[in-house]
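One letter stands for each residue in the lines below.
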Amino acid sequence: MPWLFLGFSQVVYAVADICFYVSHNVLGQTAFPAVADALYLLHYPLVVVGLILLIRRRTPGHDLASVLDAATLAVAVGMLSWLYLIGPQARAGSLSLVTVVSVAYPVMDLAMFAVALRLILGPGGRPASFVLLTANLLAIFTADTVYVMQQLSGTYATGNFLDAIWLGGNLALGAAALHPTVRRVEERANSADVQLTPSRLAVLAGAALIAPSTLVLQFALGRLRDIPVIAAACAALFMLTIGRLAGLVADQRTLAITDVLTGLRTRRFFGAQLPVEIAKARRSGAKLAVLIVDIDHFKSINDGYGHPAGDRVLVEVARRLRESVRPSDVLARYGGEEFALVVPSVSVEELAAIGERLRDQVASSQIQVATDVWLHVTVSIGTATLPMNGGTPAELINTADRALYAAKAQGRDRVVLGDSNPDPGNTADTAGLLVYLQRVADEVDSWLSTSEHGRAVGRWAALVAHSLGHDEPTVCRTELAGRLHDVGKILVPQDIWRKPAKLTTDEFELVRQHPEHGYRMLSVVPDLVDVAEIIHQHHERTDGRGYPLGLAGEQIRVEARIVAVCDSWAAMLAERPYQSALSQQAASGELLRCRGSQFDPEVVDAFLELYHRGQIGSLHPLNDAVVRSAS
């Protein structure tokens, strides 16, 4: 259809040419306007409609960035067209048919140019046919503009160089329609492909400066004219620039809360949105559910078919989950192979059905991971409900996590509802679990050094918390979190921790996951939710550049800020495969250097005061039994 409109416009244009040259060169009739002018003007709307249809084929969705960019250039060119083409024509005499037709030519050219700019600046491929079509549009616009200027100056004569430009432009359109790449011109594009490149930014900046530059030039020449038009152009360009900047800010925010691979919301967005949804549910008295979805045997998919296959599974599972939730639900990628979902206004009875619907949707058909490889993928789902399973985000997440672990333990590919009253007989004794976790922490420490680490961090963290005036429960939490803060490292391959050379990007990503692993390990232990959160946050930074949550300042629990300082001190004093031990003086200098950026200034001051008073002490060797068990 777009090409039919463009083709029909050429038929009208050809008929207009025949009428024009027959009347001028055969009949000797040079009256203006004539029948040919009506046909010439008629061909412009047909071109505009054809271009609009082509734009809609290429970008069927919204593409505000390209519209604003095209509008910026069109306003600048439109102002110049009024000043030097349309305005002089309109002021040439009284309102008559000659004046109307003379003004219509540049107006139609401007309309065609504006739509052409949207096509050229929009996303999509640039095959040879597209380039030829662009050449046609620019040639016609250039020749028409020069034609109007020659008409104004009385220098136009048939058969001059403009005929060559018009002919060349029309030949380019014919070549575009006949070129083998013509079908590719209509291929659908992604609006995200529009990038504000330096060259594009330079063109837009130049266009935005045309109106004030014209005003300055007129003032310098002492010939101020059409000031309202220039002022209107300045205002329009200013508003378009503000609109473009607002779009960029919105795009950056969307990127910050969108997972690049799956297109779902990020864990950080989910963590910020869950308290909002809980507050809404409390105000309205409605229930709310949290679901944690985990892909079964995902590690074996990565190991057996490679990470690209794993990525395809993640993308497809995300798509199937997205199709199964309501617009009001909050769906996010929660971890490597985990997804989290908040479902507002849902009853306990509906929750099981929702979980089963998600599970069935994922398992409904096999997923293609390679050219000839299709896999049957299943998920396990754990749920929690407000207020039955808790009233805070941490309580709901931990309940859903425990339910997820139960689903895994029962054989996977199932939905398990969170239990508000877990049976103590089904849960190992907390004291026994703590002993086990402490042994795991010592095991990890033995991978990195012959000196203690977690034990020292816990001891020092308790001293700092006490010196800062915190109560006894906070001191105890801080000490336990410091003792176990590295327990999640047990899930990262040992050879990575012992690697003396610089880590690869993938290896560093694995390292950055250990706070998350530690959080997950402790969150399923009764009464250790707060300790799990501290471990989750102990690599966050005061300036917001830490991981895994990107928290900043007071958003980070004070216990985690204390553990961060003590952890860094112990790491700097230890001899490790990838770094040599620092002296205590050098370590003090590092704490002071990072005070206020990486570390909480108040915590650094309290720690160094304890150090100068001799209360911190040095690292002790790991227990011989721990070293032997590690070997």
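Conventions adopted
Note that residues are indexed from 1 along each chain, following the sequence as it is written. Totals for whole chains, interfaces and linings use all residues, but because this is a predicted model, local features are given only for residues with pLDDT of at least 70 and pairs of side-chain atoms are given and counted only at 80 or more. Only hydrogens and water are set aside; all other atoms, that is, all heavy atoms of the structure, feed into the side-chain values. Counting from the N terminus, the helices are the DSSP runs of H or I reaching at least four residues and the strands are the DSSP runs of E reaching at least two. Throughout, the radius of gyration refers to the C-alpha atoms, and the reference size of a globule is 2.2 Å times the residue count to the power 0.38. Each residue gets one of three labels from its accessible area relative to the maximum for its type: buried under 20%, exposed over 50%, partly exposed in between, using a 1.4 Å probe on protein chains only. Here a residue-residue contact requires only that any non-hydrogen atoms of the pair lie within 4.5 Å. Reported accessibility uses the Shrake-Rupley method at a 1.4 Å probe radius. Residues are deemed covered only where the shown protein chains occlude them. Counting rule for charge: Lys and Arg are taken as positive, Asp and Glu as negative, and neither His nor the chain ends is counted. A charge is said to be at NZ when it belongs to Lys, at CZ for Arg, at CG for Asp and at CD for Glu. All axes are obtained by fitting lines to C-alpha atoms, using only the stretch in contact for helices, and the reported angles, taken between N-to-C directions, cover 0 to 180 degrees. For this classification, under 35 degrees means roughly parallel, over 145 means roughly antiparallel, 65 to 115 means roughly perpendicular, and everything else is oblique. Charged means Asp, Glu, Lys or Arg here, nonpolar means Ala, Val, Leu, Ile, Met, Phe, Trp, Tyr, Cys or Pro, and polar covers whatever is left, Gly included. Working rule for helices: expected span equals 1.5 Å times residues minus one. Under this definition, polar contacts are N or O atom pairs within 3.5 Å; protein pairs additionally need one hydrogen-donor-capable and one acceptor-capable atom, and for neighbouring residues in sequence, both atoms have to be side-chain atoms. The predictor attaches a confidence to each residue, called pLDDT, with possible values from 0 through 100. The way it works is a 1 Å grid over only the protein atoms, where trapped points that fit a 1.4 Å probe form a cavity and open points with protein on both sides within 12 Å along at least five of seven lines form a pocket, and then any residue with an atom within 4 Å of a point lines it. Grid points are joined across faces, edges and corners, and a volume is the space filled by probe spheres set on the points. Only centres within 6.5 Å qualify two rings of Phe, Tyr or Trp (six-membered ring in Trp) as a pair; their planes then separate them into stacked at under 30 degrees, edge-to-face at over 60, and tilted for everything else. By definition, being over a ring means that NZ of Lys or CZ of Arg is both within 6 Å of the ring centre and within 35 degrees of the ring normal.

Asker: How would you summarise the overall build of the protein chain if you had to cite specific residues and measurements?
Answerer: Across its full length, the protein chain carries 24 helices and seven strands. Taken against the 2.2 N^0.38 rule, which gives 25 Å for 631 residues, the C-alpha radius of gyration of the protein chain at 35 Å runs more than 25% over that of a compact globule. When the backbone C-alpha atoms are referred to their principal axes, the protein chain occupies close to 110 × 60 × 50 Å. Of all 631 residues assigned to the protein chain, the portion counted as buried reaches 46%. In the protein chain, of all internal contacts separated by at least 6 residues, the share reaching a separation of at least 24 is 71%. When the accessible surface of the protein chain is summed, it comes to about 30500 Å², and 61% of that surface belongs to carbon and sulfur atoms. With 54 positive and 62 negative side-chain charges, the protein chain shows a separation of 4 Å between the mean positions of the two kinds.

Asker: Could you give me a rundown of the packing of helix α9 (residues 267-284) against helix α13 (residues 393-409), with the residues and numbers involved?
Answerer: Between two packed helices, what matters for the description is the angle formed by their axes and the separation of those axes. Where α9 contacts α13, the axes come no closer than 10 Å and their chain directions differ by 110 degrees. With respect to their mutual orientation, α9 and α13 come out roughly perpendicular. When α9 is examined against α13, the residues Phe-270, Leu-274, Pro-275 and Ile-278 are found in contact with a partner set consisting of Pro-393, Leu-396 and Ile-397. Partitioned by chemical class, the residues of the contact of α9 with α13 number seven nonpolar, no polar and no charged.

Asker: Lay out helix α23 (residues 601-612) in plain terms, naming residues and giving numbers.
Answerer: Along its twelve residues, α23 runs 16 Å from first to last C-alpha, staying within 8% of the 16 Å computed at 1.5 Å per residue. Considered for burial, the residues of α23 that qualify are Val-603, Val-604, Ala-606, Phe-607, Leu-608 and Leu-610. Buried residues in α23 make contact with α15 (454-467), α21 (558-573) and α22 (584-593). Two or three places before Glu-602, at the start of α23, stands the capping residue Asp-600, its side-chain oxygen 2.9 Å from that residue's backbone nitrogen. Gly-614 lies just past α23 and shows a positive phi near 80 degrees.

Asker: Describe the confidence of the model for the protein chain, with residues and values.
Answerer: Of all residues in the protein chain, 95% have pLDDT values of 70 or greater, and the mean over the chain is 86. Below pLDDT 50 for its whole length, residues 422-428 participates in two contacts with residues either more than four positions away or in separate chains. Low confidence marks residues 624-631, where pLDDT is under 50. Its contacts with residues over four positions away, or in another chain, come to six contacts.

Asker: Could you give an account of the side chain of Gln-218, with specific residues and numbers?
Answerer: Looking at the secondary structure, you find Gln-218 in helix α7 (residues 198-221). Under the relative-accessibility criterion, Gln-218 is labelled buried at 9%. Only 3.0 Å separates the side chain of Gln-218 from the backbone nitrogen of Arg-225, close enough to count as a polar contact. Contacts of Gln-218, omitting those with residues within four sequence positions, involve Leu-83, Arg-223, Leu-224, Arg-225, Ile-227 and Ile-230.

Asker: With reference to specific residues and values, describe the layout of surface pockets.
Answerer: The space that makes up the largest pocket amounts to roughly 2200 Å³. Along the wall of the largest pocket there are 48 residues; nearest its centre are Gly-335, Gly-336, Glu-337, Gln-513 and His-517. When residues of the lining of the largest pocket are traced back to their parent elements, those giving at least two are α9, β1 (288-295), α10 (298-305), α11 (307-324), α13, α18 (505-512) and α19 (514-523). If you tally residues by element for the lining of the largest pocket, the top one is α18, at five residues.

Asker: Give a description of the packing of aromatic side chains that names residues and reports values.
Answerer: Counted according to the given criterion, the structure contains ten aromatic pairs. Both rings, one in Tyr-13 and one in Tyr-40, keep their centres 5.6 Å apart while their planes meet at 65 degrees; by these two values the pair is edge-to-face. Remark: Tyr-40 occurs in helix α2 (residues 35-58) and Tyr-13 occurs in helix α1 (residues 2-26); sequence separation between them is 27 residues. With centroids separated by 4.2 Å and ring planes inclined at 20 degrees, the aromatic side chains of Phe-113 and Phe-141 adopt a geometry described as stacked. With Phe-113 in helix α4 (residues 97-121) and Phe-141 in helix α5 (residues 128-153), the pair connects residues that are 28 residues apart, well separated along the chain. The same class applies to Phe-113 and to Phe-141, which are both buried. Through successive ring pairs, a cluster of aromatic residues spans Tyr-13, Phe-20, Tyr-21 and Tyr-40. Its guanidinium or amino end placed over the ring of Tyr-334, Arg-267 lies 3.8 Å from that ring's centre, counting from NZ or CZ.

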